[in-house]
2 protein chains.
Amino acid sequence: MDAGLAAAFDPPGFHRAAEQCTLRLRRYLDDPEIKGLDLVEPAVLMKAARELMTAERDDVAGYDEGRFHQIMDLYLNTGIQVHSPGYLGRQFSGVVPLAGLVDLVSSVANQPSSFYEAGQLPNVAERLMAEELGRFLGWDGERSAMVTTSGGSMANLTALLAARNRAFPGIWSRGVAEEGGRPAIAISEDAHYSVSRAAGVLGIGEEHIVRLPVDECGRIRVGAVAPILDAAEQRGLRVFCLVASSGTTAMGAFDPLDELAALTRPRGIWLHVDGAHGASLLLSERHRERLRGIAEVDSLTWDAHKMLFVPAPCTLLFYRDGSAAAGAFRQRASYVFDEEPDVYSALDSGDKNLECTKRPMIMPLWTLWSMYGPALFTRKIDHLCAMTVQAHRMLAAEPDFTVLHEPEANILCFRFTPEGLDDADLHALQLAIRNRLRADGRFFISKVHIGGVAALRVVLMNHKITAEHLDLLITEIRTTGSRVLREGAAAGGREDGSQR
Amino acid sequence: MDAGLAAAFDPPGFHRAAEQCTLRLRRYLDDPEIKGLDLVEPAVLMKAARELMTAERDDVAGYDEGRFHQIMDLYLNTGIQVHSPGYLGRQFSGVVPLAGLVDLVSSVANQPSSFYEAGQLPNVAERLMAEELGRFLGWDGERSAMVTTSGGSMANLTALLAARNRAFPGIWSRGVAEEGGRPAIAISEDAHYSVSRAAGVLGIGEEHIVRLPVDECGRIRVGAVAPILDAAEQRGLRVFCLVASSGTTAMGAFDPLDELAALTRPRGIWLHVDGAHGASLLLSERHRERLRGIAEVDSLTWDAHKMLFVPAPCTLLFYRDGSAAAGAFRQRASYVFDEEPDVYSALDSGDKNLECTKRPMIMPLWTLWSMYGPALFTRKIDHLCAMTVQAHRMLAAEPDFTVLHEPEANILCFRFTPEGLDDADLHALQLAIRNRLRADGRFFISKVHIGGVAALRVVLMNHKITAEHLDLLITEIRTTGSRVLREGAAAGGREDGSQR
């Protein structure tokens with residue numbers, strides 16, 4: 001056996017590298033600096049990274065401690081600083097660190113989790129978490145089902161597949177056809193891009209997306225829904241699914257699930273909720289009212305890697321009627337799933353998710369839940385939402401800022417609005433502020449278009465963010481904005497509010 | 001701020017838990033025992049897991065060292081023992097341990113990688129690995145493209161989407177329709193189930209899958225392809241993609257890419273290769289001949305979490321024509337992708353993969369490549385393939401075993417075939433042997449149907465497997481098989497050869 005190969009698998013060598021790695025991570029977590037992002041030109045970073053690659057090609061290079069340190073440093077230093085209060089950009093969170101260690105165990109032990117025999121504890125943990133989180137949905141626990149999958153986009157696609165296949169049982173075999181009405185979905189104007197994409201992927205066609213208008217806070221205008229659905233039907237469309245958001249990516253708006261369910265139920269339309277961001281509010285007594293009506297919906301996408309603070313991805317897809325979960329995919333022709341299920345294979349999820357090899361993504365969540373209990377999550381969620389209300393109050397008190405909505409969760413959109421600017425100027429100003437802040441490296445925030453005009457957007461994912469940090473941010477935005485205006489250089493930038 | 005919440009994020013607390021965790025993993029890696037799997041009744045495991053969950057619901061429970069140890073132990077002990085020579089089950093591998101540490105950094109720092117600004121180094125590392133691995137494809141590096149995605153099933157779906165959208169530019173907007181021929185794909189009888197599933201997902205319909213027959217080694221019979229494609233065309237099908245395997249899941253068979261390309265090119269059919277398992281053989285001088293013709297194909301799925309020994313998932317999807325990568329998804333309507341790309345966003349992959357939040361799955365692979373060089377992979381691949389040839393030789397020398405094929409990589413299928421049994425008996429016998437071996441816990445192997453009769457299957461993913469282990473396995477199979485026959489209890493089990 002090759003000595004270099006054996007050395008790369010050497011347990012004491014692993015242990016030494018692990019000590020260096022975890023010490024480096026401890027320093028990273030301990031870093032008190034306020035910073036958002038150190039943005040580097042790709043060409044510069046490419047050069048730096050290339051220099052870290054061994055030139056050895058003929059033999060297995062020996063472990064080089066210095067090289068590993070440099071790689072870790074470059075990785076940590078160039079990433080978004082999710083553990084710093086300077087990071088208010090998107091729905092990525094500094095994870096509960098213990099969750100990272102569970103991921104380490106998963107990675108080294110390499111347990112795939114689509115099949116019970118290959119990953120026994122992950123499959124059991126999925127059942128346990130379905131039970132724990134299912135309590136907050138108000139569904140019949142015996143009938144409902146949950147499957148984990150690789151991200152919210154995948155979960156939305158899977159739910160739409162299940163809905164499509166229920167409404168059009170022939171599609172799986174015969175493909176999309178004209179008979180019985182053209183398949184269509186109804187979605188909010190503010191739905192995440194993964195939902196409209198799904199129409200393209202599934203062969204439905206983007207033209208057969210029925211768009212539902214939103215109010216000024218980003219919520220579906222329920223009064224407009226019935227006439228729109230009627231009109232769609234008259235155009236020969238058969239809307240099989242309506243997708244609501246809890247909440248939207250842009251403004252964190254929560255669509256009125258109860259009212260939407262009252263409209264979809266009598267029509268036999270599947271109601272799917274993209275709760276990637278906001279479903280976690282169900283855990284909070286204070287905030288679960290945002291999802292009133294959740295008991296009436298058919299399926300729910302819930303990203304634990306957002307407001308449950310575990311490493312990405314960890315998405316949970318819930319079905320009120322568990323039998324629907326089996327309808328997303330069919331593989332009767334395949335020999336994997338043909339035989340009689342036994343006591344072990346009854347726990348398999350491979351027939352219900354797209355993945356064959358699936359990361360045991362539930363393990364960090366189940367471990368945190370088991371170690372710390374649900375209060376870990378509710379305390380943090382409540383704190384973040386409270387801080388967002390405080391941010392709203394602070395910004396509303398500034399005469400040269402305009403806040404665009406009352407925050408429903410931990411997302412807040414606003415503009416720096418000194419007097420005398422028209423919409424085009426305001427638009428360019430926000431983009432310029434956002435990009436300069438990003439380049440300055442202390443605060444990282446995002447931007448989003450609202451009513452055709454760019455706005456600034458903060459997402460509070462870090463419980464270490466205090467009013468002092470928000471004060472600093474307001475000052476920095478004002479200073480930067482004033483400088484931009486003085487320089488007359490309110491250059492546009494790239495809008496990216498739909499990236500979560 | 002809640003003290004319990006703050007404690008869960010405490011850096012010294014993380015460091016202490018990390019020390020326990022990495023010490024436990026070192027012991028796990030050091031364990032010399034030959035073991036496959038400790039199969040536990042789900043109800044029993046459920047009870048054990050439930051007992052590890054804190055009863056605390058009102059406050060954040062404190063970190064409990066004993067509980068964390070018990071969780072790690074239960075996780076590691078009930079998993080497939082990928083680092084032991086007793087595990088020969090499927091294409092899961094004991095990873096190079098350093099890769100697990102990189103995953104730990106990714107998990108704690110939580111960098112998503114669909115957008116450059118959110119994960120700068122992962123995006124640069126993707127470019128570097130595209131360059132490094134692309135050399136082995138013989139494509140024009142300037143024109144080709146690579147995108148990472150969450151598993152081989154996802155990559156196959158994405159490639160088929162790109163192929164579908166190129167052949168039928170109207171589908172994305174207008175949905176699947178009859179005009180211009182019914183969209184269809186041609187796939188091997190032995191293709192992985194994710195490929196036939198894709199036809200159902202994409203609205204093509206499973207009935208519009210054209211099946212290509214395979215020879216006794218599991219390779220597409222090239223001579224049969226042209227008439228089958230002609231016949232499909234006459235039935236009104238428009239085959240836009242042919243999917244080949246390098247190699248198949250069942251037997252590790254490599255379809256003849258050069259000959260298939262010669263057939264698909266003149267017909268304008270996209271040739272996609274599911275190389276999830278076998279593409280890694282490209283790195284080996286000794287074995288890359290199996291993929292002769294790879295330079296002529298249109299796209300390739302390559303799972304680094306199989307034969308490049310990194311944590312799952314890490315799938316690379318290569319396109320010979322990079323512009324095709326942008327065709328899988330369209331999101332012009334979405335505001336994320338509308339604006340002028342800048343130097344940073346030019347590296348984004350969000351428009352080319354389904355995921356919005358995507359794990360920086362490239363980082364473990366790039367780090368191993370940078371630290372150890374390519375020889376780490378080629379040495380291990382060569383060793384595994386050589387041991388599989390040896391396993392073939394050993395089994396062929398046993399009078400009561402039948403080997404079903406010359407191994408093309410590191411997968412070998414065979415049967416225990418004492419005299420006097422008919423096919424039905426042989427079938428039941430193999431299933432019984434496999435399940436008993438699994439239950440006994442020393443060896444974990446898989447089974448697969450070949451020609452309608454079950455066979456035993458080993459996948460050699462561990463370089464620590466020696467001829468002595470194979471001898472032990474042969475003895476154990478014979479002993480177990482004889483016992484089954486004596487007991488007359490050759491009860492059937494569940495076949496699962498298509499799970500990789």
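Report follows, based on the coordinates.

Conventions adopted
- Residues numbered from 1 in each chain as written.
- Chains lettered and ligands numbered in written order.
- Predicted model: local features only at pLDDT ≥ 70, side-chain atom pairs only at ≥ 80, totals over all residues.
- Heavy atoms only, no water.
- Helix = DSSP H or I, 4+ residues; strand = E, 2+ residues; numbered from the N terminus.
- Rg over C-alpha atoms; globule rule 2.2 N^0.38 Å.
- Buried < 20%, exposed > 50% of the residue type's maximum accessible area, 1.4 Å probe, protein only.
- Contact = heavy atoms within 4.5 Å.
- Buried area = accessible area lost by both parts, 1.4 Å probe.
- Salt bridge = Lys/Arg side-chain N within 4 Å of Asp/Glu carboxyl O.
- Polar contact = N/O pair within 3.5 Å; in protein donor to acceptor, adjacent residues only side chain to side chain.
- Axes fitted to C-alpha atoms, helices over the stretch in contact; angles between N-to-C directions.
- Left-handed = near helix turned anticlockwise from the far one by under 90°.
- Nonpolar A, V, L, I, M, F, W, Y, C, P; charged D, E, K, R; others polar.
- Right-handed = clockwise from strand over helix to strand, strands pointing away.
- Pairing = 2+ DSSP bridges.
- Least-squares fit on C-alpha atoms with pLDDT ≥ 70 in both.
- Phe/Tyr/Trp six-rings, centres within 6.5 Å; stacked < 30°, edge-to-face > 60°.
- Lys NZ or Arg CZ within 6 Å of the ring centre and 35° of its normal.

## Notes on the overall build of chain A
Thought 1: If you tally the helices and strands in chain A, you get 17 helices and 11 strands.
Thought 2: Here chain A has a C-alpha radius of gyration of 24 Å; the compact-globule value for 500 residues is 23 Å, and the two agree.
Thought 3: Across its three principal directions, the C-alpha atoms of chain A cover 75 × 60 × 45 Å.
Thought 4: By the burial criterion, 69% of the 500 residues in chain A qualify as buried.

## Observations concerning the interface of chain B and chain A
Thought 1: Opposite the 172 residues of chain B that make contact, chain A presents 171 residues.
Thought 2: Taking both sides of the interface into account, the surface hidden between chain B and chain A amounts to around 16100 Å²; carbon and sulfur atoms contribute 64%.
Thought 3: Taken together, chain B and chain A are joined by 16 salt bridges.
Thought 4: The partner of D103 of chain B in a salt bridge is R359 of chain A, with the nearest N and O atoms 3.4 Å apart.
Thought 5: Along the contact surface separating chain B from chain A lie 68 residue pairs in polar contact (both at pLDDT 80 or more).
Thought 6: The dominant element in the side of chain B that touches chain A, judged by the number of residues it contributes, is helix α2 (residues 11–30) of chain B, at 14 residues.

## Here we look at the packing of helix α16 (residues 423–440) of chain A against helix α17 (residues 467–487) of chain A
All names here are of chain A.
Thought 1: Orientation of α16 relative to α17, taken along the N-to-C sense of each, is 115°, at an axis distance of 9 Å. α16 and α17 meet at a crossing whose hand is right-handed. Contacts between α16 and α17 involve L429, A432, I433, R436, L437 and D440 on the former and, on the latter, L473, E476, I477, T480, G481, R483, V484, L485 and E487.
Thought 2: Broken down by class, the residue content of the contact of α16 with α17 amounts to eight nonpolar, two polar and five charged.

## Remarks on the pairing of strand β5 (residues 270–274) of chain A
Residues and elements named next belong to chain A.
Thought 1: Counting buried positions along β5 yields five of five residues, so the element is predominantly enclosed.
Thought 2: Since strand β4 (residues 237–245) and β5 lie parallel, the crossover through helix α11 (residues 257–267) that links them has a hand, and here it is right-handed.
Thought 3: Pairing of β5 with strand β6 (residues 299–303) involves three bridges; the strand directions are parallel. Of the residues in β6, the one forming a bridge with H272 is S299.

## Some words on the side chain of H15 of chain B
Thought 1: Within the fold, H15 of chain B resides in helix α2.
Thought 2: Every residue in contact with H15 of chain B, bar those within four places of it in the chain, is listed here: T22, L23 and R26 of chain A.

## As for the sheet that holds strand β10 (residues 446–450) of chain B
Residues and elements named next belong to chain B.
Thought 1: In spatial order, the strands read β8-β9-β11-β10; together these four strands make up an open sheet with antiparallel pairing. If you trace the sheet from one side to the other, it starts and ends with β8 (401–403) and β10, each paired once. Taken over all neighbouring pairs, the strand axes of this sheet differ in orientation by 40° on average, direction set aside.
Thought 2: Where β8 and strand β9 (residues 411–416) come together, three bridges link them in antiparallel fashion. Within the sheet, the bridge partner assigned to V403 lies in β9 and is F414.
Thought 3: Along the sheet, helix α15 (residues 375–396) makes contact with β8 and β9, crossing β9 at roughly 15°.
Thought 4: Against the sheet, helix α17 (residues 467–487) contacts β8, β9 and β11 (453–459), and its axis sits at roughly 35° relative to β9.

## Brief notes about the sheet that holds strand β2 (residues 182–188) of chain B
Residues and elements named next belong to chain B.
Thought 1: Pairing within the open sheet is mixed, and its seven strands lie in the order β1-β7-β6-β5-β4-β2-β3. Looking at which strands have only one partner, the edges of the open sheet turn out to be β1 (145–149) and β3 (209–212). This sheet shows a mean twist of 20° between the axes of neighbouring strands, independent of strand direction.
Thought 2: Taken together, the four bridges between β2 and β3 define a ladder with parallel strand orientation. By the bridge assignment for β3, A186 is matched with V210.

## Let's talk about the pattern of salt bridges
Thought 1: Tallied over the entire structure, the rule returns 66 salt bridges over all chains.
Thought 2: With a shortest N-O distance of 3.6 Å, D321 of chain A and R143 of chain A are connected by a salt bridge. Here D321 of chain A, found in the loop between β7 (315–319) and α13 (322–325), pairs with R143 of chain A, found in the loop between α6 (120–134) and β1 (145–149); they are 178 residues apart in sequence, far enough to count as distant.
Thought 3: When its relative accessible area of 28% is taken as the criterion, D321 of chain A is described as partly exposed.
Thought 4: Across the pair R478 of chain B and D400 of chain B runs a salt bridge, and its minimum N-O distance is 2.6 Å. Placement of R478 of chain B in helix α17 and of D400 of chain B in the loop between α15 and β8 is noted, with a sequence separation of 78 residues between them.
Thought 5: What makes R478 of chain B partly exposed here is its relative accessible area of 25%.
Thought 6: Looking at D400 of chain B, the relative accessible area reads 16%, which means it is buried.

## Focus on the relation of the copies chain B and chain A
Thought 1: Superposing chain B onto chain A requires a rotation of 180° together with a translation of 0.0 Å along the rotation axis, leaving an RMSD of 0.0 Å. Expressed as an axis order, the relation between the two copies is that of a two-fold axis.
Thought 2: Comparing interface residues between copies, 99% of those in chain B also lie at the interface in chain A; the contact surface is shared.

## Concerning the environment of I433 of chain B
Residues and elements named next belong to chain B.
Thought 1: Mapping I433 onto the fold places it in helix α16 (residues 423–440).
Thought 2: In this structure I433 comes out as buried when scored by relative accessible area, which is 0%.
Thought 3: In sequence terms I433 and K447 are 14 residues apart; their C-alpha atoms lie 9.6 Å from each other.
Thought 4: Those residues within four positions of I433 in sequence are excluded, and the remaining contacts are F416, L456, I477, T480 and G481.

## Concerning the environment of C385 of chain B
Residue and element names in this part refer to chain B.
Thought 1: Within the secondary structure, C385 is located in helix α15.
Thought 2: Overall, the relative accessible area of 1% leaves C385 in the buried class.
Thought 3: C385 sits 75 residues away from L460 along the chain, and the two C-alpha atoms are 7.9 Å apart.
Thought 4: The residues contacting C385, other than those within four sequence positions of it, are H287, A409 and N410.

## With respect to the packing of aromatic side chains
Thought 1: Taken as a whole, this structure holds 20 aromatic pairs over all chains when the rule is applied.
Thought 2: Geometrically, the ring pair formed by Y116 of chain B and Y344 of chain B is stacked, given 6.1 Å between the ring centres and 15° between the ring planes. Of this pair, Y116 of chain B sits in the loop between α5 (97–109) and α6 (120–134) while Y344 of chain B sits in the loop between α13 (322–325) and α14 (362–372), placing them 228 residues apart in sequence. With respect to burial, Y116 of chain B and Y344 of chain B carry one shared label: buried.
Thought 3: Members of the aromatic cluster, joined through ring pairs, are W139, W302 and F318 of chain A.
Thought 4: Against the face of F329 of chain A rests R197 of chain B, its NZ or CZ located 4.4 Å from the ring centre.
Thought 5: Residue placement shows K380 of chain B over the ring face of F309 of chain B; its charged tip is 4.3 Å from the ring centre.

## Digging into the pairing of β11 of chain B
Residues and elements named next belong to chain B.
Thought 1: With seven of seven residues buried, β11 lies mostly within the body of the structure.
Thought 2: Side-chain alternation along β11 places V453, A455, R457 and V459 on one buried face and A454, L456 and V458 on a second face that is also buried.
Thought 3: Looking at chain direction, β9 and β11 are connected through four bridges and run antiparallel. Counterpart to L412 in the pairing with β11 is V458.
Thought 4: What sits between β10 and β11 in their antiparallel hairpin is a turn of two residues, with G451 showing a positive phi close to 60°.

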